[in-house]
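Fold and geometry: a report
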Amino acid sequence: MSQARGPYSVSMSEWMKTPIRRSKNPKTGLIEGDDSKCLPSNPGYRGISTLKVNPSHLVIPDVPIRSSYDGNNEYGDRRPEIALPGGFRDGQLMLRETAAQGIELLNQYVSEASDGVYQIAALDGFRSGTRQAAGFTRLLRQQMKLRDLTDTNALTHLEEFLKAADVADGTFSWVNLATGPQLDAAIVQVKSERHLMEQLEAIAAQKVIEHFDPALVEDEIAHYLTVGANSGIGHGNGLLLNCENNAHAGGGACDVFVIRTAELLPVNPVPFDYAGPEAGMDFMEKDKNFDAYLQAARSNQQLSNHLSALGFQSVDDFKLSDWNEMRDAIRLLYHASKAIGCTYYSAEVGGENWHLEPGNRVYDPATGDILAFEALTAGLHADSGNPGHTLQVLGPSQYAVWGAKTAHEIARRLGLQQ
């Protein structure tokens, strides 16, 4: 394949100096990085079509790896208690082959652009449906604890329970419900319980724009059952799930942190899987956010523990110069990833400044030449990838080439534990 696009708009020497400016994406109608549902014409990444057959290999990318969900934290420590079920028997981190090539090239460019000061560490790649639901549930329970919710009282405080679930979903997304008779029966059961329906109808009524639409109630029933099917709480417990469109389930997304080459410590204002505005891709571009970050770190144990793990004796030891270094490292990751053709996930407020999505064509930042491509799909579905990438680059009517079904079949042959 010959040159497919021009050089990236920012030269490598300027990546760390150039602010992150996120404009509206005309393919989605949302700010760049946001892949959520916004209109009937844009069903979000969980609603677009995927290829059901793509036998492209899963491989281990040749970059530093700290597989968080197999018990290796972002700071380089072995922490078995943070592992999640549903990984490979030997704890390997894998990606689709072209995605892996993209992440390897990303690592090279991050190192080159920083004169060797930085590189990247991969924290997660292919993620099974089992692991996806478990990770969502872990974050859900963290959010429930902040709201004094338990398995016992969650169903009498349904609005707060679902708000907690939405916050968790924004960082570690839930798995969609599988359709079928089992789901149909659960919907009938929920509709028969007045105390639940009164709460769900009240939640739906808050979302009315002009006039009440009964479909909003149906959406809230599905919302409730989805959370329950993932977490085991409430009427959704035991319902089947379908991970086909989850971002990591097809092997086409990789979570990475910039790390210092010397100390191998992360250069990021938040820990991995942190749910909050501080994790947004452009959070550090706003000058006022330095003081807001310090204030948050003084009251948020996750943030203060993160700074401690990075070597700061106290929150007050974190200076503006440290903030600027982290900001420049995030800029570097942002521009390097976009330059090779990746998309990322970050919503209007918050997101994941670590979540990258390569496409099935990987580009040279300086020339626009194609450096790697997936021979099976890059011709007919050029610049497709996982559902989030495909939505942002090609729009909601195109096919995502890296769905879950084939990836899971390959993973099981490689020793996936479900």
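Residues numbered from 1 in each chain as written. Predicted model: local features only at pLDDT ≥ 70, side-chain atom pairs only at ≥ 80, totals over all residues. Heavy atoms only, no water.

**What to know about the layout of surface pockets**
Once rolled over the atoms, a probe with the size of a water molecule shows which space is left empty. In this structure, the largest pocket spans a volume of roughly 1,700 Å³. Around the largest pocket, the lining comprises 50 residues; the ones closest to its centre are Ser 36, Lys 37, Cys 38, Arg 46 and Trp 174. In terms of residue count, helix H6 (residues 214–231) provides more of the lining of the largest pocket than any other element does, seven residues in total. A per-class count over the lining of the largest pocket returns 19 nonpolar, 17 polar and 14 charged. A volume near 530 Å³ is recorded for the second largest pocket. Surrounding the second largest pocket, 20 residues form its lining, Glu 74, Ile 82, Pro 271, Phe 272 and Gln 302 being those nearest its centre. (1 Å grid on protein atoms, 1.4 Å probe; cavity = no way out; pocket = protein on both sides within 12 Å on 5 of 7 lines; lining within 4 Å. Points joined across faces, edges and corners; volume = space filled by probe spheres on them. Helix = DSSP H or I, 4+ residues; strand = E, 2+ residues; numbered from the N terminus. Nonpolar A, V, L, I, M, F, W, Y, C, P; charged D, E, K, R; others polar.)

**Examining the pairing of strand E10 (residues 351–357)**
Most of E10 sits out of view: seven of its seven residues are buried. Sheet analysis places strand E8 (residues 254–260) next to E10, joined by two bridges and oriented antiparallel. Within the sheet, the bridge partner assigned to Asp 255 lies in E10 and is His 355. Here strand E9 (residues 343–346) pairs with E10 via four bridges, running antiparallel. The partner of Tyr 345 across the bridge, within E10, is Glu 352. Counting the residues between successive antiparallel strands, the hairpin from E9 to E10 contains four residues, one of them, Gly 350, with a positive phi of roughly 90°. (Buried < 20%, exposed > 50% of the residue type's maximum accessible area, 1.4 Å probe, protein only. Pairing = 2+ DSSP bridges.)

**Some words on helix H10 (residues 387–394)**
Along H10, six of the eight residues are buried, which leaves the element largely enclosed by surrounding structure. For H10, the complete set of buried residues consists of Pro 387, Gly 388, His 389, Thr 390, Leu 391 and Gln 392. Buried positions along H10 lie against strand E1 (24–25), E9 and E10. Its side-chain oxygen 3.2 Å from the backbone nitrogen of Gly 388, Asn 386 forms the N-cap of H10. Immediately downstream of H10, the backbone of Gly 395 shows phi near 100°, a positive value. (Contact = heavy atoms within 4.5 Å. Polar contact = N/O pair within 3.5 Å; in protein donor to acceptor, adjacent residues only side chain to side chain.)

**Remarks on the packing of helix H7 (residues 289–299) against helix H8 (residues 301–309)**
One can describe the packing of H7 onto H8 by two numbers: an axis separation of 5 Å at closest approach and a directional angle of 100°. Judged on the interaxial angle alone, H8 and H7 are roughly perpendicular. Contacts between H7 and H8 involve Tyr 293, Ala 296, Ala 297 and Ser 299 from the first element and Gln 301, Leu 303, Ser 304, His 306 and Leu 307 from the second. Grouping the amino acids of the contact of H7 with H8 by side-chain chemistry returns five nonpolar, four polar and no charged. (Axes fitted to C-alpha atoms, helices over the stretch in contact; angles between N-to-C directions. Parallel < 35°, antiparallel > 145°, perpendicular 65-115°, else oblique.)

**With respect to the side chain of Asn 360**
On the secondary structure map, Asn 360 appears in the loop between E10 and strand E11 (361–363). Judged by its relative accessible area of 0%, Asn 360 is buried. A polar contact is formed between the side chain of Asn 360 and the side chain of Thr 377, at a distance of 2.9 Å. Only 2.9 Å separates the side chain of Asn 360 from the backbone oxygen of His 381, close enough to count as a polar contact. When near neighbours in sequence (up to four residues on either side) are disregarded, Asn 360 contacts Thr 98, Ala 372, Phe 373, Glu 374, Thr 377, Ala 378, His 381, Ala 382, Asp 383, Ser 384, Val 401 and Trp 402.

**Some remarks on helix H2 (residues 129–146)**
Over its 18 residues, H2 extends 26 Å from the first C-alpha to the last, a length consistent with the 26 Å expected when each residue adds 1.5 Å. Those residues of H2 that fall on the buried side of the exposure criterion are Gly 129, Arg 131, Gln 132, Ala 133, Gly 135, Phe 136, Thr 137, Leu 139, Leu 140, Gln 143 and Met 144. Lining the buried residues of H2 we find helix H3 (158–169), H6, strand E7 (241–242) and helix H11 (404–413). (Expected span 1.5 Å × (residues − 1).)

**Quick look at unusual backbone geometry**
You will see that Asp 148, though not glycine, has its phi angle at about 60°, which is positive. Position of Asp 148 among the secondary structure elements: in the loop between H2 and H3. What makes Asp 148 exposed here is its relative accessible area of 65%. Of note, the phi angle at Asp 383 is positive, near 70°, even though the residue is not glycine. Position of Asp 383 relative to the elements: it lies in the loop between strand E12 (370–373) and H10.

**Some thoughts on the packing of H2 against H3**
At their nearest, the axes of H2 and H3 sit 8 Å apart, and the two run at 130° to each other. Between H2 and H3, the angle falls in the class oblique. For the element pair H2 and H3, the recorded crossing hand is right-handed. Residues Phe 136, Leu 139, Leu 140, Gln 143 and Met 144 of H2 form the contact with H3, whose participating residues are Phe 161, Ala 164, Ala 165, Val 167, Ala 168 and Asp 169. Across the contact of H2 with H3, the residue classes break down as nine nonpolar, one polar and one charged. (Left-handed = near helix turned anticlockwise from the far one by under 90°.)

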